[in-house]
Amino acid sequence: MKERRGFTLVELLAVIALIGVLLLLVTPNVIKLFTGAKKSLFYDEALSLYNNAYTTYIYNTSEGDYTKRFCRGKDTTTKLIDVEEKEGLYYDITVNSYGEVTSLKVSDDTFGLTVSNSNGIKKKSIKQSDVGDSFDINCNGGVTPPDPTPESLSCIITNSKRYCNVFGFTYSKSVQNI
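As the structure is a prediction and not an experimental result, all values here were calculated from the model.

Caption draft 1: Quick look at the state of the cysteines. Summed over all chains, the structure comprises 1 disulfide. A sulfur-sulfur distance of 2.1 Å marks the disulfide that ties Cys-71 to Cys-139. A torsion of -90 degrees about the S-S bond marks the disulfide between Cys-71 and Cys-139 as left-handed. A residue pair is termed long-range when its members are at least 10 positions apart, and Cys-71 in strand S1 (residues 69–72) and Cys-139 in the loop between strand S6 (136–137) and strand S7 (143–144) qualify at 68 residues.

This is the structure:
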């Protein structure tokens, strides 16, 4: 009868070390994949809110309600968009008298999206690359911006021009020397 022999301790340690090295190589890519999927899902939800803001505005105006701002914050709400509310998703959306979205602010616990244009925002102008860090939405007035980064706060002041970018909002003024 043959004698059965198992694996040696050295062989087991070598296999465990090899599995550990493979996990170290694969884990960052898997995390990046999950983060990208979450970002894509958030982007789709923001576009869904964009689409439903127009529909809700048209429906409300037919009922005699001319509310132009829909907001759902963590602590306060004004007028809600007629959609199934997802827990942890907050928004502040303003429409003009034609039902065009002029300001879109959407945030959850991970991501945030802010786009505004006084002439109306076109859906194709909202890009997934616009998705950034989350922020708090306050329905009583405004938006609490994320902690500043060097990219979000910049000013250039010369003798002829002043230009500042603060959290995506720009201020530009030409200065005339007298």
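Caption draft 2: Focus on the pattern of salt bridges. Within this structure, the stated rule accounts for 4 salt bridges. Between Arg-69 and Asp-92 there is a salt bridge; the shortest N-O distance is 2.8 Å. Of this pair, Arg-69 sits in strand S1 while Asp-92 is found in strand S2 (residues 90–95), placing the two residues 23 residues apart along the sequence.

Caption draft 3: View of helix H1 (residues 9–62). Taking 1.5 Å of rise per residue, 54 residues should cover 80 Å, and H1 covers 77 Å from first to last C-alpha, within 8% of that figure. Val-26 marks the point of greatest bend in H1, at about 30 degrees, and the proline Pro-28 comes within the next four residues. All of the buried residues in H1 are Phe-42, Tyr-43, Glu-45, Ala-46, Leu-47, Leu-49, Tyr-50, Ala-53, Thr-56, Tyr-57, Asn-60 and Thr-61. Tucked inside the fold, the buried residues of H1 contact S1, S2, strand S3 (101–107) and strand S4 (111–116). A positive backbone phi angle near 90 degrees is found at Gly-64, which sits one or two residues after H1.

Caption draft 4: Quick look at the environment of Gly-88. With respect to the element layout, Gly-88 can be found in the loop between S1 and S2. Judged by its relative accessible area of 11%, Gly-88 is buried. Spatially, the C-alpha atoms of Gly-88 and Ser-107 are 8.3 Å apart, while their sequence positions differ by 19 residues.

Caption draft 5: Representation of the sheet that holds strand S5 (residues 132–133) in the model. With respect to topology, 5 strands assemble into an open sheet ordered S1-S2-S3-S4-S5, the strand pairing being antiparallel. Edge positions in the open sheet fall to S1 and S5, since each of these has one partner strand only. Where S4 and S5 come together, 2 bridges link them in antiparallel fashion. If you follow Gly-112 over to S5, its bridge partner there is Gly-132. Where H1 meets the sheet, it contacts S1, S2, S3 and S4, and its direction lies at approximately 140 degrees from that of S3.

Caption draft 6: View of the side chain of Asp-108. Along the chain, the position of Asp-108 falls in the loop between S3 and S4. Here Asp-108 is buried and forms no salt bridge, its nearest opposite-charge partner Lys-86 lying at an N-O distance of 5.2 Å. For Asp-108, the side chain forms a polar contact with the main-chain nitrogen of Thr-110, separated by 2.8 Å. Reaching out from Asp-108, the side chain makes a polar contact with the backbone nitrogen of Phe-111 at a distance of 2.7 Å. If we skip the residues at most four places from it in the chain, Asp-108 touches Phe-42, Gly-88, Leu-89 and Ser-134.

Each value, and the rule that gives it
- Residues numbered from 1 in each chain as written.
- Predicted model: local features only at pLDDT ≥ 70, side-chain atom pairs only at ≥ 80, totals over all residues.
- Heavy atoms only, no water.
- Disulfide = S-S within 2.5 Å.
- Helix = DSSP H or I, 4+ residues; strand = E, 2+ residues; numbered from the N terminus.
- Salt bridge = Lys/Arg side-chain N within 4 Å of Asp/Glu carboxyl O.
- Expected span 1.5 Å × (residues − 1).
- Bend = angle between axes of the 7 residues up to and from the residue.
- Buried < 20%, exposed > 50% of the residue type's maximum accessible area, 1.4 Å probe, protein only.
- Contact = heavy atoms within 4.5 Å.
- Pairing = 2+ DSSP bridges.
- Axes fitted to C-alpha atoms, helices over the stretch in contact; angles between N-to-C directions.
- Lys, Arg positive; Asp, Glu negative; His and termini not counted.
- Polar contact = N/O pair within 3.5 Å; in protein donor to acceptor, adjacent residues only side chain to side chain.

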